[in-house]
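In case you want the letters, here they are:
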Amino acid sequence: DSYPLILAAAFYAIYTRIDQVMIKNMIDAEAVGLYDAAVRISELSYFVPSVILVALFPAIIQAKKISPELYYKRMKKLLFFLLCVSAFLATITALFSKQLVLTIYGAGFIGALPVLQIYIWSNIGAALNLFGQQTLIAENMTKVISITTFLGMATNVTLNLLLIPLYGMEGAAFATLISYMVPFLSLGILGKTRGLIKNIIAS
């Protein structure tokens, strides 16, 4: 049961850091430093969806033992809550991005600002992925996690190859933003999970 999760962790490690490796090789080390600064600021709010899931998911599992209807309703509420929280945090970060960069890193890192204003929205996709992974674990579909994470990694690498030469660091940020949405969205396409997502949304 665990080997798909080990594979997924490996794929995730690659596609959360491969952009910085590619920026270093396709632009320069200075660009990596600016990009990394934006990533680290974005990660400040990333822990919030994780805390919410840890706190609320046991109630979801308990609902599954009571009735499918209650289970799907709680799943839908949790999904909506995660979307709202992650979108709110992304909006606040985007609005105060300049102040955050100047306060945390100083004027020398102001070049990280455009990246941060794009990259922060990838936290919405990251929150959806956390939800999707916990749902698949609850449904004993761990193999699907490795498949969807691989799709996200492949999308990230491909888009980085296409967008970094055209748009530089901002292209890498867009690649991350798009690729972070892929694992969750693919659950609505794959045959094994399409019905599960449909039940959650329709509940």
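Here's a quick rundown of the structure.

1. Thoughts on the pattern of salt bridges
Pairing is possible between side chains that carry opposite charge, provided their charged atoms lie close to one another.
Okay, so step 1: Taken as a whole and assessed by the stated rule, the structure comprises three salt bridges.
Okay, so step 2: Residue D36 pairs with R40 through a salt bridge whose shortest N-O separation is 2.7 Å. Linking D36 with R40, this pair stays in helix α2 (residues 29-43), spanning four residues, or about one helical turn.
Okay, so step 3: Classification of R40 by relative accessible area gives partly exposed; the value is 46%.
Okay, so step 4: For the salt bridge of E139 with K64, the shortest nitrogen-to-oxygen distance reads 3.6 Å. With E139 in the loop between α7 (122-138) and α8 (142-167) and K64 in helix α3 (residues 47-66), the pair connects residues that are 75 residues apart, well separated along the chain.

2. Description of the packing of aromatic side chains
Okay, so step 1: Applying the stated criterion across every chain yields a total of seven aromatic pairs.
Okay, so step 2: Judged by centre distance (5.8 Å) and plane angle (80 degrees), the rings of Y12 and Y15 are edge-to-face. With Y12 and Y15 both in helix α1 (residues 3-26) and three residues apart, the pair spans about one turn of that helix.
Okay, so step 3: For Y12, a relative accessible area of 30% gives the class partly exposed.
Okay, so step 4: Aromatic side chains Y35 and Y119 sit 5.9 Å apart centroid to centroid with 90 degrees between the ring planes, which places their arrangement in the edge-to-face category. Of this pair, Y35 sits in helix α2 while Y119 is found in helix α6 (residues 113-119), placing the two residues 84 residues apart along the sequence.

3. A word on α2
Okay, so step 1: Between its terminal C-alpha atoms α2 stretches 21 Å, which fits the 21 Å expected from 15 residues at 1.5 Å a residue.
Okay, so step 2: Of the residues making up α2, those classed as buried are A31, V32, L34, Y35, D36, A37, A38, V39, I41 and S42.
Okay, so step 3: Buried-residue contacts for α2 involve α1, α4 (68-95), α5 (97-104), α6, α7 and α9 (169-179).

4. Some points on the packing of α4 against α5
Geometrically, a packed helix pair is captured by the angle between its two axes and the distance between the axes.
Okay, so step 1: Closest axis-to-axis distance for the α4/α5 pair is 4 Å, and the angle between their directions is 70 degrees. It follows that α4 is roughly perpendicular to α5 by the angle criterion. Side by side, α4 and α5 meet where T93, A94 and L95 of the first sit next to S97, Q99 and L100 of the second.
Okay, so step 2: Residue composition of the contact of α4 with α5, grouped by class: three nonpolar, three polar and no charged.

5. Structural notes on the side chain of S86
Okay, so step 1: Turning to its location among the elements, S86 is positioned in helix α4.
Okay, so step 2: For S86, the side chain forms a polar contact with the main-chain oxygen of L82, separated by 2.7 Å.
Okay, so step 3: Discounting chain neighbours no more than four positions away, the residues touching S86 are N123, I124 and A127.

About the thresholds
- Residues numbered from 1 in each chain as written.
- Predicted model: local features only at pLDDT ≥ 70, side-chain atom pairs only at ≥ 80, totals over all residues.
- Heavy atoms only, no water.
- Salt bridge = Lys/Arg side-chain N within 4 Å of Asp/Glu carboxyl O.
- Helix = DSSP H or I, 4+ residues; strand = E, 2+ residues; numbered from the N terminus.
- Buried < 20%, exposed > 50% of the residue type's maximum accessible area, 1.4 Å probe, protein only.
- Phe/Tyr/Trp six-rings, centres within 6.5 Å; stacked < 30°, edge-to-face > 60°.
- Expected span 1.5 Å × (residues − 1).
- Contact = heavy atoms within 4.5 Å.
- Axes fitted to C-alpha atoms, helices over the stretch in contact; angles between N-to-C directions.
- Parallel < 35°, antiparallel > 145°, perpendicular 65-115°, else oblique.
- Nonpolar A, V, L, I, M, F, W, Y, C, P; charged D, E, K, R; others polar.
- Polar contact = N/O pair within 3.5 Å; in protein donor to acceptor, adjacent residues only side chain to side chain.

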